[in-house]
Amino acid sequence: MAVPTIELNDGTAIPQLGFGVFQVPPAETAEAVSVALAAGYRHIDTAEMYGNERGVGEAVRAAGLDRGDVYITSKLNNGFHRPDDARRAMAGTLEELGFDYVDLFLIHWPLPTLYDGDFVSTWQTMEEFKAAGHARSIGVSNFQVAHLERLAAETETVPAVNQIELHPYFQNHDVAAYDSAHGIATEAWAPIAQGKVLDDPALAPLAERYGKSPAQIVLRWHIQRGYIVFPKSVTPARIKENFELFDFELEPDDVAAIDALDRGEAGRNGPNPDVFDYVPAD
Ligand code: NDP
């Protein structure tokens with residue numbers, strides 16, 4: 001079944017369901033992405049930090065697909081926020097992928113405690129990448145409301161997307177509400193909380209009733225909430241399962257039952273972007 005697309009604020013369109021490759025070992029990435037492409041995925045989410053952009057490009061070429069048939073996102077790594085470093089990083093990403101553009105390039109983390117708190121010049125460098133055609137769309141990841149407000153006050157371009165941790169246990173309401181009020185599409189990373197939400201007792205009866213797995217129920221909830229998702233798996237059966245989301249629809253009461261699982265800040269699984277300051281070693 002066809003994956004719906006979401007129109008971004010720059011007029012481009014992104015498939016609402018994709019395939020994420022965080023923690024897929026570089027040597028296994030081409031194989032996992034090949035399985036995903038064969039299952040029908042046409043949107044891949046990678047990052048320089050994951051070390052596996054090369055395998056993404058290899059799999060797209062091996063599938064015999066045209067570049068324009070696959071939506072590829074990558075991200076600026078944390079050590080490269082200064083404009084000249086960012087320019088080298090953008091070139092490095094294209095080199096690794098083996099393509100001359102990405103569909104979407106994101107600032108991976110805002111790092112407000114580093115670079116003298118300056119992510120504005122980094123964003124202005126991202127604007128250059130869009131103008132030069134290296135990235136068709138530009139966006140951010142892990143930006144909190146205060147970071148987005150600062151970009152709005154000091155720069156010209158509203159990010160096309162904000163990729164944030166978001167799943168039933170951590171629904172990140174403040175950021176998602178800011179995004180939606182300002183025309184920024186929300187991408188939900190760790191959409192199944194890296195597996196941790198799947199044993200929740202609320203999901204088993206829904207899975208039973210719809211004849212779907214708990215992962216499919218949660219991913220469908222994201223789709224109906226309007227979020228963009230790209231679950232990760234290295235398991236072929238799960239890769240296929242996670243793609244089968246468009247032959248059923250959750251009733252409003254069942255969407256509400258999953259809404260009720262939110263634990264607020266206590267449900268956050270990953271780092272808090274206000275203090276996260278990890279910079280990988282060279
Ligand atoms: P996910 O929520 O996608 O969960 C992945 C985990 O769930 C893996 O352990 C996988 O196991 C397991 N899993 C996948 N499908 C199923 C299934 N159907 N049934 C049971 N278990 C399943 O976590 P991610 O952190 O990977 O998030 C998804 C993507 O979001 C990433 O790959 C990346 O692209 C992006 N991301 C972005 C971040 C950012 O800072 N911008 C941070 C983190 C993620 P297995 O692989 O063994 O099958």
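Note that the structure is predicted; figures quoted are calculated from it, not measured.

**Description of the pattern of salt bridges**
Under the criterion given, the structure shown has 12 salt bridges. The closest approach of N and O atoms between D45 and K75, which form a salt bridge, is 2.6 Å. Here D45, found in strand β4 (residues 43–45), pairs with K75, found in strand β5 (residues 71–76); they are 30 residues apart in sequence, far enough to count as distant. For D45, a relative accessible area of 2% translates into the label buried. The partner of R150 in a salt bridge is E154, with the nearest N and O atoms 3.1 Å apart. Residue R150 and its partner E154 are located together in helix α5 (residues 145–154), separated by 4 residues, close to a single helical turn. The class for E154 is partly exposed, based on a relative accessible area of 43%.

**With respect to the nonpolar core**
Counting residues in each nonpolar core, the largest one holds 70 residues, and the members touching the most others are F19 and I217. If we ignore the near neighbours within four places in the chain, the residues touching I217 are L203, L206, A207, Y210, K212, F248, L250 and I258. Among the nonpolar cores identified, the runner-up in size contains 17 residues, and I14, Y71, L111 and A185 belong to it.

Cut-offs used in this document
Residues numbered from 1 in each chain as written. Predicted model: local features only at pLDDT ≥ 70, side-chain atom pairs only at ≥ 80, totals over all residues. Heavy atoms only, no water. Salt bridge = Lys/Arg side-chain N within 4 Å of Asp/Glu carboxyl O. Helix = DSSP H or I, 4+ residues; strand = E, 2+ residues; numbered from the N terminus. Buried < 20%, exposed > 50% of the residue type's maximum accessible area, 1.4 Å probe, protein only. Core = buried A, V, L, I, M, F, W, Y, C linked by side-chain atoms within 4.5 Å. Contact = heavy atoms within 4.5 Å.

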